[in-house]
Amino acid sequence: MSSEWHRRADGRTELAVTIPYNTEAEIWVPAQGRPVSARPGAVPVCDDTSGGADHQVYRARAGSYRFR
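No experiment lies behind these values; they were computed from the predicted model shown.

Asks: Provide a residue-level description of the pairing of strand β2 (residues 13–30), including the pertinent values.
Replies: In this sheet, β2 lies alongside strand β1 (residues 2–7) in antiparallel orientation, the contact comprising six bridges. In the strand pairing of β2, R7 is matched with T13. Counting the residues between successive antiparallel strands, the hairpin from β1 to β2 contains five residues, one of them, G11, with a positive phi of roughly 95°. Both β2 and strand β4 (residues 55–67) contribute to a ladder of twelve bridges, which runs antiparallel. Looking at the pairing, W28 lines up with V57 of β4.

Asks: Outline the sheet that holds β1, supporting the account with residue identities and numerical values.
Replies: Pairing in this open sheet of four strands is antiparallel, and the strands run β1-β2-β4-β3 from one edge to the other. The sheet is open, and its two edges are formed by β1 and β3 (43–48), each paired on a single side. With direction set aside, neighbouring strand axes in the sheet form an average angle of 30°. Of the pairings in the sheet, the one linking β3 to β4 comprises five bridges and is antiparallel in character. Bridge pairing links P44 to Y58 in β4.

Quick notes on the rules
- Residues numbered from 1 in each chain as written.
- Predicted model: local features only at pLDDT ≥ 70, side-chain atom pairs only at ≥ 80, totals over all residues.
- Heavy atoms only, no water.
- Pairing = 2+ DSSP bridges.
- Helix = DSSP H or I, 4+ residues; strand = E, 2+ residues; numbered from the N terminus.
- Axes fitted to C-alpha atoms, helices over the stretch in contact; angles between N-to-C directions.

Structure (structure tokens):
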């Protein structure tokens, strides 16, 4: 699995994730108090604020995904 983070000029974070063939993953995306957009196929599981950080949690199968 690989992930790559980018911080946009407006302060939002973009996350690109690649999950290898025959694998599933749980992906925790920092929400920063804003809505998160995801490619179809990444299924939202829950919102989590444990530890004081706002995250949206997704499950996804093999493939490439981008979260904004």
